[in-house]
Structures are given as structure tokens and as C-alpha cells.
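Coordinates in review
Below are the chains, spelled out letter by letter.
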Amino acid sequence: MERELDWLVGKLLEMPDAQRELQFPGYASRESLRSYLLALREQSPDAYRRLVDRMRTTGRPAPAPERWFPPRPDSVNALSEAALTDSTPIPDGTQSDPTHPDPTHSDPTHSDPIHSDPIHPDEARPETTRSKTAYSETAHSDTANGSATPRDNADALAPVPLVDIRAAAPQADAPTPPPLVDSPVPAPLTGTPAPASPGHAPEAASPVRASAPASPVRASAPAPSVHDPAPEALAQDHGSARPADHVDFRDATFHGQVVGVQYLSYPAVPGPATGQWGPVDEADPVWFGVRPTRLVPGLAEVPPYVPRDCDAELRDLLGRGGLVVVLGEPCAGKSYTAWHAVRSLAAEGYLLHAADPHDDLRRLPGELKDDPGKRVLWLDELSDHLGPGGLDRRLLQRFTGRGVVVLGTMSAGEYYRRRSGTGPGESVLALARTVELAREWSEAELERLAGHTDDPRAYPAYLWSGREGAASYFAIGHLLYDEWQRLGTQAEHPRGRLLVRAAVDLVRCGVTEAVPVELLLRAAACYPAHGAEREPFEAALTWATAPMFGISGLLVAGEKTGTWRAYGALVAEALRSGGLSPVPDDVWWTLLGDRAVDRPAVLDAARAALRARLDGGDIPVIMRFASLTEGAEREDWYRRAADLGHQPAALQLATLLLRRGDDGQAIPYLEVAARRGVAEAARQLAVIYEVRARYWWDRSRSHLPAPDTVEE
């Protein structure tokens with residue numbers, strides 16, 4: 001056994017650090033891993049054996065449904081007290097209510113009903129299927145109530161805009177109105193977006209209206225000139241140069257309402273300018289149409305590219321020329337796959353041009369008449385380029401004659417519907433060579449994704465992408481989490497938000513499949529309502545399942561009608577955030593009493609999540625586990641509670657012992673209960689002692705001599 005243990009420790013240490021940290025967080029050294037595995041072998045032999053078998057066959061642990069729950073090295077039998085005493089407000093908008101203490105929490109002073117441990121998502125990977133689960137762990141670290149995500153603080157990070165007040169300032173010869181009350185309140189700002197600069201990609205401009213009242217104000221300093229001040233004067237007044245269109249009115253006097261315009265401008269994404277051709281290896285993936293993923297400091301804004309099964313076929317089609325179309329559902333990875341294929345042409349000197357939607361493409365062949373060479377014309381969302389001035393059969397022939405490969409993307413359903421149509425440009429689709437991407441990734445693609453050990457975002461995507469695919473995981477997982485957590489959702493969809501919370505917690509409880517909506521509703525009822533009664537259940541379910549961002553709802557339908565589960569990327573983001581509170585006890589008991597779930601998996605998860613309270617002597621939890629288990633485990637839970645002085649547990653244990661004929665072990669527990677006034681214990685003792693008395697009395701009589709042999 002020890003040799004096997006040493007072998008297992010060595011195999012786990014051979015795993016990449018990022019993967020091992022996801023599944024065995026905090027166990028970086030040989031000693032800590034060995035301590036954990038010893039505890040696992042003692043506390044859950046079946047889980048330990050499954051881990052050994054999986055490592056022997058695949059070299060990678062299977063995290064779910066039998067997650068390798070990590071007892072911390074410094075405390076195998078007791079978890080961090082933070083899991084029991086933390087009272088930080090929850091981040092998902094529910095407010096603490098001191099009049100309604102948390103019934104699921106062992107700390108009576110704890111006023112927050114929903115807390116969580118930081119969870120690291122894990123997943124089992126059998127040879128052909130994958131399942132996912134995650135369990136509450138030891139300690140937790142809740143964020144403050146209402147804390148902002150990085151995107152919530154985007155405005156605070158934007159550069160300070162300029163304000164133009166020239167158009168609305170009073171004329172120099174205008175009469176001066178009577179003085180008004182001095183006030184430091186700034187003037188309201190109104191405006192409209194500025195036009196984009198010619199020859200460049202348009203910039204996003206957002207006019208912003210200040211929140212100050214519209215009443216005119218008068219400052220206590222002299223008014224500035226309404227004409228452009230000299231930059232030198234501005235530099236002299238405020239210590240640094242200002243642009244020529246900047247008007248500073250911090251020390252100004254105003255005699256009427258002042259209206260200004262400010263623009264929040266964002267630079268265009270890098271890429272070849274419209275109307276120009278650039279080397280294919282200079283194409284930025286975001287400019288190419290790849291959606292950015294969750295921002296992680298030090299990492300690219302797009303996830304690592306993972307070779308798809310169709311890469312070689314697509315590269316071959318590009319070499320043949322003509323029209324090539326990548327088909328697939330939204331967020332199947334079409335743009336990223338096309339980008340990678342185009343980049344592979346860099347060694348051959350290809351140039352690239354990306355047309356904007358509804359551009360007039362007819363001018364391009366003429367521009368290339370005296371400039372031959374290998375080129376790729378990128379038409380993302382080909383449907384936007386099939387109208388007047390767009391691609392048709394004759395124009396495609398002209399492009400082909402100039403050495404231009406036309407590459408586009410399109411949904412498979414629209415492509416097959418329109419290629420037999422008669423609308424403008426639709427007949428050109430019949431000439432296309434296509435490759436089709438499935439949203440759900442193949443096992444080979446997932447294995448390649450798991451091999452990206454240099455990017456910590458890759459392995460969670462491997463674990464949690466599911467049928468929705470890794471591309472959509474990266475594209476919208478963080479957005480769905482933000483939508484679930486935003487303050488507006490708390491106010492508008494309180495019950496829908498609880499439904500999603502219950503679905504996420506079901507995954508933490510070991511439920512990896514979709515569940516009937518009735519079970520989801522019963523689980524959601526285990527949480528504090530916080531206004532959920534205002535929203536009808538039908539409206540809540542409609543909101544939670546409605547597609548967002550054109551891709552998926554927070555809840556997705558299962559294979560069976562009427563069943564739902566949380567979107568895998570949403571679960572991964574929720575677990576990554578570390579802001580989830582512990583699963584309420586009533587949710588555990590609801591699941592363990594329902595036949596629609598994998599009860600052994602849920603029971604394993606419950607043992608792991610509630611280990612700290614079990615080892616800490618939480619009598620109600622121990623007694624609940626005793627009622628949910630059988631055989632030796634049930635006897636062990638009763639023995640724990642009885643040794644802590646719980647009289648009903650002592651009586652139950654004694655009853656189990658008597659049933660198997662072990663009166664000797666039963667009597668001490670019956671005597672303890674009887675002395676404390678448990679009548680049933682006293683009655684059973686009386687029966688035992690009566691049986692024993694009769695036995696010994698009969699034995700004593702059998703040893704008396706017969707009357708005729710008694711000596712005189």
C-alpha cells in the first residue's frame with residue numbers, strides 16, 4: 001500500500017502545476033499531497049481507489065462525480081474556522097437580515113443566509129463522455145455586497161474627456177442677467193456622437209449627460225474666454241499643456257445655462273485599414289471577429305487557439321482559391337478558425353483585406369489590376385455581403401482572376417437555405433467550398449485544449465465547456481455571470497436569479513445532469529426569498545432560459561423534456577469568482593430525498609462539503625447523515641452523536657447493536673440514555689437484564705443436586 005501511495009504522489013506531481021492546482025488546491029509539495037492522500041484513503045476508500053485506477057489508465061485524475069475532496073494538510077479532520085464564522089455580506093445582492101439568521105450555518109451570529117467556499121471546478125473524463133461537478137471546500141472568502149466587477153469599473157478607467165462649451169456660452173455683448181446663488185455644481189452636459197475620422201475604422205463614441213440639475217449657476221471666479229485659449233496660457237495656468245479645443249471653466253463665472261459635449265472615444269482595434277491590403281500575419285484576431293474573453297492580467301484578450309479537426313481541410317481549400325465558407329452556429333469558433341487558416345498563408349506572401357458589412361466590393365478588382373499577387377478577401381458574416389454591391393457570381397469570377405481567395409463565415413442553416421434561393425447574390429453560394437464547425441468540440445479537440453498548460457484559462461474550459469463548446473465558453477461565460485450578478489437582475493428578476501443560483505449549486509452538489517423543473521423550484525425555495533415572491537415562476541423561468549448575447553440562456557434545456565441545468569461556462573465563472581456562499585443544508589436534504597439525481601454522487605459531495613461540521617460535532621448534521629446512510633456508516637454516525645451525549649442517538653445505536661445480537665456494546669449506551677430519563681432505553685435494559693436473569697437462574701438450578709442425593 002505504501003509503494004502504491006508513493007507512486008500516486010509521484011504521478012500527481014508530474015501533472016502541470018496549473019492543472020494540479022485546479023483539482024488539488026494548496027497541495028504543491030510531496031508531503032502535503034501524501035498527507036491528503038492518506039486522509040482520502042482512510043475517509044473515502046472508494047474514491048481513493050477510483051483515483052488510483054484513473055491515474056493508471058489515463059494519467060489524469062477524474063474529478064467528477066467523485067471529486068478528490070482535499071482536506072487541508074494542516075488539519076485532516078477539521079476544516080478552517082472561516083467556513084463556519086465568516087459573515088461578510090454576499091456579493092449577489094441579497095441583504096443580510098439580523099432577524100433571520102442562517103439556519104444552515106453553525107455560527108448563531110451569522111446574519112448572511114448565503115455564503116460559499118471558493119470552489120475549484122473539476123471534472124471526470126471517462127474515455128468517451130465527460131461529467132462535471134464541484135464541491136464546497138474548506139474556507140471561503142466572500143466579496144463585499146455589491147462589489148463591482150472589472151467591467152463595472154470601466155468608466156472609472158476611461159481617460160478624462162474634453163468638454164466643449166463654445167456653442168452654448170453667452171455672447172460677449174449679451175446683457176448680463178441678475179446674479180444667482182453661488183454654487184459649485186457643474187453645468188449639465190448634453191451632446192451627440194462625433195463622426196469617425198475619414199479612412200479609419202469608426203470609434204465608439206458615447207455622449208454622457210451629467211447628473212447635475214439644469215438650473216443656471218454662477219461661479220465665484222472670472223469667466224473664461226469662449227474662444228479657444230492658447231495652449232501656452234493653459235499650460236501656465238494648470239501646469240501642463242492642453243489641446244487647442246479645450247476650455248477650462250473650473251474658475252469661471254456663468255450667467256446662464258451652459259451646455260457642453262463630451263465624447264468617450266476608444267481606439268480602433270488594430271488591423272489593416274479599410275481599402276488597404278496588409279500581410280496576413282498582421283491580422284489581429286479581435287479585428288478578425290474573435291470575441292474577447294474574460295480579462296486576466298498578463299494574458300491575451302483572446303483565448304489560446306486550439307487546432308480544430310477541420311484545420312487541414314480549410315487550409316487546403318484556401319490553396320485552391322474561389323469562395324470558401326466556414327459554417328457553424330454563433331460562437332462555434334468560425335472566425336478564430338478562419339483567422340488561424342489565413343495566418344498559415346503568411347509564408348507564401350498572402351495579403352489580406354477585410355471588408356466592412358455592406359461595403360461596395362465592385363471597386364476592389366479594378367484596384368488590383370496593376371498589382372497582382374496572392375490575396376485573401378475576408379467577409380465575416382457573408383450574409384452582409386450578398387446584397388447590392390456585394391458578392392455575386394460575376395464578381396467572384398473577377399476576384400478569382402486577380403488571384404483573390406474569398407473567405408467568409410455563415411451559419412449552416414442560413415447557408416443551406418439561401419444557396420438555392422434567387423435573392424441578390426444568393427446564387428454565388430452554390431459555388432462555395434465549405435467546412436462546418438460543430439459547437440460541441442470533439443474529444444480530440446478537447447484533449448488539445450487540455451494540453452494548453454501555458455494558459456490557466458484552458459483547463460477550466462476543457463472541464464466545463466460541455467455540449468455548448470469551448471468557443472462559446474470563452475466568448476460569453478463571463479458575460480452570463482455578469483448578467484446574473486448585476487444589480488438590475490436582483491431588482492427585476494429575484495426569483496429567476498434564485499433559480500439560476502439553485503441550478504449552479506446543484507452542480508456543486510454533484511448533480512451533473514439536467515433536473516426536472518419541479519426539483520429546481522423546490523431547491524430554489526431553500527434560499528431566502530428577498531423579494532422573489534414578486535416574480536411569478538413562469539416569468540422567472542422564461543428569463544433564465546431566454547438566449548442572451550445571441551447564444552444561450554443562463555439555464556439550458558436537458559435531453560429530456562422539462563429538464564434544465566446551469567450553463568457550464570456560467571458555473572465555471574461562478575466557481576472561479578470565489579463569491580458563492582455554502583449550499584444551504586435544506587438543498588442537500590432535498591436532493592438526497594429525490595430519485596431524479598445520482599444519490600451516491602450527491603452523498604459523496606455532501607460528505608466533502610460538510611466535513612468540517614461533521615468533524616466539529618454538529619449533532620443535527622450528524623443525525624441527518626445517519627438517517628441517510630446504511631450499514632456500518634450509519635452505525636458510525638450514531639456512535640459519534642452518542643459519544644457527544646446525544647440521547648436519541650445512543651438509543652438508535654443500541655437498537656442497531658441489539659438487532660445484530662451485540663448486547664454487550666448496546667448496554668452502556670442504553671444505561672446512559674436510561675439515566676438521562678429515556679424510558680425506552682430503560683425498558684430495553686429491563687428486557688435484557690430479565691433475559692439474562694432467567695438464563696443465570698436456570699443455569700444455577702441445573703447445577704443443584706437431586707433431592708434423593710442430598711446428604712443428610
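Values in this document were obtained by computation on a predicted structure and should not be read as measured data. (Residues numbered from 1 in each chain as written. Predicted model: local features only at pLDDT ≥ 70, side-chain atom pairs only at ≥ 80, totals over all residues. Heavy atoms only, no water.)

Structural notes on the sheet that holds strand β7 (residues 351-354)
Note the threshold: What makes two strands pair is DSSP finding at least two bridges between them. Helix and strand definitions follow DSSP, with helices as H or I runs of at least four residues and strands as E runs of at least two, each counted in order from the N terminus. Only heavy atoms enter the contact rule, under which two residues are in contact if any of them lie within 4.5 Å. In this analysis, axes come from line fits to C-alpha atoms, helices being fitted only over the stretch in contact, and the angle between any two N-to-C directions falls in the range 0 to 180 degrees.
One open sheet accounts for 6 strands, arranged β5-β7-β8-β9-β6-β10; its pairing is mixed. Of all strands in the sheet, those with a lone pairing partner are β5 (278-279) and β10 (433-436), marking the two edges. Two elements, β7 and strand β8 (residues 375-379), share 4 bridges in a ladder whose sense is parallel. Its bridge partner being in β8, Ala-354 is matched across the sheet by Trp-378. Against the sheet, helix α12 (residues 393-401) touches β6 (323-327), β8 and β9 (404-410), its axis set at about 130 degrees to β9.

Quick look at the nonpolar core
For the record, the criterion: Side-chain atoms within 4.5 Å are what join buried Ala, Val, Leu, Ile, Met, Phe, Trp, Tyr and Cys residues into a set we call a nonpolar core. Here the term buried applies to any residue with accessible area under 20% of the maximum for its type, exposed to any over 50%, and partly exposed to those in between, with areas from a 1.4 Å probe on protein chains only.
Within the largest apolar cluster, 98 residues are counted, with the highest numbers of intra-cluster contacts made by Leu-449 and Trp-588. In terms of residue count, helix α16 (residues 470-485) provides more of this core than any other element does, 9 residues in total. Filtering out sequence-adjacent residues up to four positions away, Trp-588 remains in contact with Arg-508, Cys-509, Val-583, Val-602, Ala-605, Ala-606, Ala-609 and Leu-610. Counting 30 residues, the second largest nonpolar core, distinct from the first, contains Tyr-305, Leu-317, Val-376 and Val-405.

Focus on the packing of aromatic side chains
Applicable threshold: Side-chain rings of Phe, Tyr and Trp (the six-membered ring for Trp) are treated as a pair once their centres are within 6.5 Å; stacked means planes under 30 degrees apart, edge-to-face means over 60, and tilted covers the remaining angles. Charges are assigned to positions over rings by a cutoff of 6 Å between ring centre and Lys NZ or Arg CZ, combined with an angular limit of 35 degrees from the ring normal.
For the structure on display, the rule yields 10 aromatic pairs. The interplanar angle of 75 degrees and the centroid separation of 5.0 Å between the aromatic rings of Tyr-415 and Tyr-416 together place this pair among those described as edge-to-face. Ring geometry for Tyr-481 against Trp-484: centres 6.0 Å apart, planes inclined by 75 degrees, an arrangement best described as edge-to-face. Remark: Trp-484 and Tyr-481 occur in helix α16; sequence separation between them is 3 residues, near one turn of the helix. Aromatic rings pair up to connect Trp-287, Phe-288 and Trp-378 into one cluster. Between the NZ or CZ atom of Arg-41 and the centre of the ring of Tyr-48, over which it lies, the distance is 5.9 Å.

Details of the confidence of the model for the chain
The following threshold applies: Values of pLDDT, which run from 0 to 100, indicate the predictor's confidence residue by residue.
In the predicted model, the chain carries a mean pLDDT of 74, and 67% of its residues have values of at least 70. The secondary-structure element of the chain with the lowest mean pLDDT is helix α5 (residues 82-85), recorded at 34, while β6 shows the highest, at 97. Segment residues 63-246: pLDDT under 50, and 409 contacts once partners within four positions in sequence are set aside and those in other chains are kept. Of the regions scoring below 50 in pLDDT, residues 262-274 engages in 38 contacts with residues more than four places distant in sequence or in other chains.

Notes on the sheet that holds strand β11 (residues 515-516)
Judged by pairing direction, the sheet is antiparallel, and its 3 strands sit side by side in the order β11-β13-β12 without closing on themselves. Each having just a single partner strand, β11 and β12 (555-557) make up the two edges of the open sheet. With 2 bridges joining them, β11 and strand β13 (residues 563-566) adopt antiparallel strand pairing. Bridge pairing in β13 links Pro-516 to Thr-563.

Some remarks on helix α9 (residues 311-320)
This is how the line gets drawn: Picture the helix axis, draw a direction to every C-beta atom, and the arc is the one those directions span.
Within α9, the full set of buried residues consists of Asp-311, Leu-314, Leu-317 and Leu-318. In a view along the axis of α9, the buried residues occupy a sector of 125 degrees, so they form one face of it. For α9, the exposed residues set more than 90 degrees away from the buried face come down to Ala-312, Gly-319 and Arg-320. Those residues of α9 that are buried are in contact with β6, α10 (334-343), β9 and β10. One or two steps after α9, the chain reaches Gly-321, where phi turns positive at roughly 85 degrees.

A closer look at the packing of helix α28 (residues 663-675) against helix α29 (residues 679-702)
Our working rule: Should an angle fall under 35 degrees it is called roughly parallel, over 145 degrees roughly antiparallel, and 65 to 115 degrees roughly perpendicular, with every other angle called oblique. A crossing counts as left-handed when the near helix is turned anticlockwise from the far one by less than a right angle, and as right-handed when that turn is clockwise.
Packing of α28 against α29 brings their axes to within 8 Å, and their N-to-C directions diverge by 135 degrees. Between α28 and α29, the angle is such that the two are oblique. When the axes of α28 and α29 are compared, the crossing they make is left-handed. Contacts between α28 and α29 involve Asp-663, Gly-664, Ile-667, Leu-670, Glu-671, Ala-673 and Ala-674 from the first element and Ala-681, Ala-682, Gln-684, Leu-685, Ile-688, Tyr-689 and Arg-692 from the second.

Here's the deal with the pattern of salt bridges
We apply this condition: Just to be clear on terms, a salt bridge is a Lys or Arg side-chain nitrogen sitting within 4 Å of an Asp or Glu carboxyl oxygen.
In total, this model carries 34 salt bridges according to the counting rule given. A salt bridge links Arg-613 to Asp-618, with the shortest nitrogen-to-oxygen separation between them at 3.1 Å. Across the pair, Asp-618 and Arg-613 agree in class, each one buried. Its salt-bridge partner being Arg-639, residue Glu-635 comes within 2.8 Å of it at the nearest N-O pair. Residue Glu-635 and its partner Arg-639 are located together in helix α26 (residues 631-643), separated by 4 residues, close to a single helical turn.

Side note on helix α19 (residues 517-524)
Buried residues of α19: Val-517, Leu-519, Leu-520, Ala-523 and Ala-524, and no others. All buried residues of α19 project into a common sector of 160 degrees when viewed along the axis, lining one side. Lining the buried residues of α19 we find α18 (494-508), β11, α20 (537-545), β12, β13 and α22 (585-592).

Re the side chain of Glu-573
Here is the rule: In protein, a polar contact means a hydrogen-donor-capable atom and an acceptor-capable atom, both N or O and within 3.5 Å, with residues adjacent in sequence counting only if both atoms are side-chain atoms; elsewhere, any N or O pair within 3.5 Å suffices.
Inspection of the secondary structure puts Glu-573 in helix α21 (residues 568-577). Residue classification places Glu-573 among the buried positions, given a relative accessible area of 7%. For Glu-573, the side chain forms a polar contact with the side chain of Arg-294, separated by 2.9 Å. Of note is the side chain of Glu-573, whose polar atom sits 3.1 Å from the side chain of Arg-576. Excluding anything up to four places from it in sequence, Glu-573 contacts Arg-294, Gly-477, His-478 and Tyr-481.

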